Amino acid sequence: MELGDVVRRRRMVRAYDGRPVPRALVDRMLEHATHAPSAGFSQGWAFLVLDSPDDVARFWEATTPPARGAEPSRWLRGMTTAPVVIVPLAHKDAYLDRYAEPDKGWTDRDEARWAVPYWYVDTGMASLLVLLTAVDEGLGACFFGIPPTRTGAFRAAFGVPEAYEPVGAITVGYRADDHVPSSRGRGRRPLDEVVHRGRWDRSGP
């Protein structure tokens, strides 16, 4: 598939038909993710892959607030049909350690030196490569957040070290015909609303 087609077809898929996803396709998504850019080539990311029914069920049990689990929404019912969940995790220490090396020289490991937390930025870019590869392989995928109140339960359920922070989770599977409504009805903002050329406010000098 041409890159332009992949980008145009990419959307968040919220319901799956239950077919298992071949391990080779999951591995390809993860291999592509490791080609994401990273500051200082720190590569401060990790991926927890859940591809057995028991592990996927444990993920939803750990990350779903009890009230939502008792009365699941259509979104939750659709999302729990995904046969694979990939959790991208950011490793801040990898960046602080990398930039304390001689060629960088920030030996104090001070987070204030960072204009933005690149451990999140880079893990987000790696996640996008997972989403794009899913489209290229004829799969559906959806990136979504883990509720902050459930992060501890998620860590406990899967033995995730404190040094690794989940930036979200990605469901993967074959798209179901019964799609869960999304926010796409809002439409995409036109380029002239989001692109500023030369300066932000053209009324200036």
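Coordinates for the structure precede this section.
Residues numbered from 1 in each chain as written. Predicted model: local features only at pLDDT ≥ 70, side-chain atom pairs only at ≥ 80, totals over all residues. Heavy atoms only, no water.

**Details of the layout of surface pockets**
Now for step 1: Considering only enclosed or pocket space, the second largest pocket measures out at about 160 Å³ in volume.
Now for step 2: Taken together, R9, R10, R11, M12, V13, L131, V135, L139, G140, A141 and R175 make up the lining of the second largest pocket.
Now for step 3: Elements supplying a minimum of two residues to the lining of the second largest pocket: α7 (118-136) and β3 (140-144). (1 Å grid on protein atoms, 1.4 Å probe; cavity = no way out; pocket = protein on both sides within 12 Å on 5 of 7 lines; lining within 4 Å. Points joined across faces, edges and corners; volume = space filled by probe spheres on them. Helix = DSSP H or I, 4+ residues; strand = E, 2+ residues; numbered from the N terminus.)

**As for the packing of aromatic side chains**
Now for step 1: If you walk through the whole model with that rule in mind, you get 15 aromatic pairs.
Now for step 2: Taking the centre distance of 6.5 Å and the plane angle of 80° together, the rings of W60 and W75 count as edge-to-face. With W60 in helix α3 (residues 53-63) and W75 in helix α5 (residues 74-79), the pair connects residues that are 15 residues apart, well separated along the chain.
Now for step 3: A relative accessible area of 9% means that W60 is categorised as buried.
Now for step 4: Between W114 and Y118 the ring centres are 6.1 Å apart and the planes differ by 50°, which places this aromatic pair in the tilted class.
Now for step 5: A relative accessible area of 11% means that W114 is categorised as buried.
Now for step 6: Judged by relative accessible area, Y118 falls into the partly exposed class, the value being 32%.
Now for step 7: Taking NZ or CZ as reference, R19 lies 4.1 Å from the ring centre of Y174, over its face. (Phe/Tyr/Trp six-rings, centres within 6.5 Å; stacked < 30°, edge-to-face > 60°. Buried < 20%, exposed > 50% of the residue type's maximum accessible area, 1.4 Å probe, protein only. Lys NZ or Arg CZ within 6 Å of the ring centre and 35° of its normal.)

**Section: α3**
Now for step 1: The set of residues buried in α3 consists of V56, F59, W60, A62 and T63. Projected onto a plane normal to the axis of α3, the buried residues spread over an arc of 165° and lie on a single side. Exposed positions of α3 whose direction lies more than 90 degrees from the buried face are P53, D54 and E61.
Now for step 2: Turning to α3, the residues buried within the fold contact β1 (45-50), α5, β2 (84-91), β3, α8 (151-158) and β5 (169-173). (Arc of directions from axis to C-beta. Contact = heavy atoms within 4.5 Å.)

**Topic: α8**
Because the α-helix completes a turn every 3.6 residues, residues three or four places apart line up on one side.
Now for step 1: Listed in full, the buried residues belonging to α8 are T151, F154, R155 and F158. When α8 is viewed along its axis, its buried side chains cluster within an angular range of 100° and face the same direction.
Now for step 2: In this fold, the buried residues of α8 make contact with β1, α3, β2 and β4 (164-166).
Now for step 3: The first or second residue beyond α8 is G159, which carries a positive phi of 65°.

**Thoughts on the nonpolar core**
Now for step 1: Grouped together as the largest cluster of nonpolar side chains are 20 residues, with contacts concentrated most on L48, F59, W60, V85, V87 and F154.
Now for step 2: With sequence-adjacent residues up to four places away left out, V85 is seen in contact with L48, V49, L50, V56, F59, W60, A169, I170 and T171. (Core = buried A, V, L, I, M, F, W, Y, C linked by side-chain atoms within 4.5 Å.)

**With respect to the environment of S42**
Now for step 1: Position of S42 relative to the elements: it lies in the loop between α2 (23-33) and β1.
Now for step 2: Taking the C-alpha atoms as reference points, S42 and A94, 52 residues apart in sequence, are found 6.1 Å from one another.
Now for step 3: Setting aside anything within four residues of it in sequence, one finds S42 in contact with A94, Y95, R98 and Y99.

**Some remarks on the packing of α3 against α8**
Two quantities define a packed helix pair, namely the angle between the axes and the distance from one axis to the other.
Now for step 1: One way to put it is that α3 packs onto α8 with a least axis distance of 8 Å and a crossing angle of 150°. In terms of orientation, α3 and α8 fall into the roughly antiparallel class. Along this stretch, α3 crosses α8, giving a crossing that reads as right-handed. When α3 is examined against α8, the residues D55, R58, F59, A62 and T63 are found in contact with a partner set consisting of A153, F154, A157 and F158. (Axes fitted to C-alpha atoms, helices over the stretch in contact; angles between N-to-C directions. Parallel < 35°, antiparallel > 145°, perpendicular 65-115°, else oblique. Left-handed = near helix turned anticlockwise from the far one by under 90°.)

Such coordinate-based values are descriptive only and should not be taken to indicate function.
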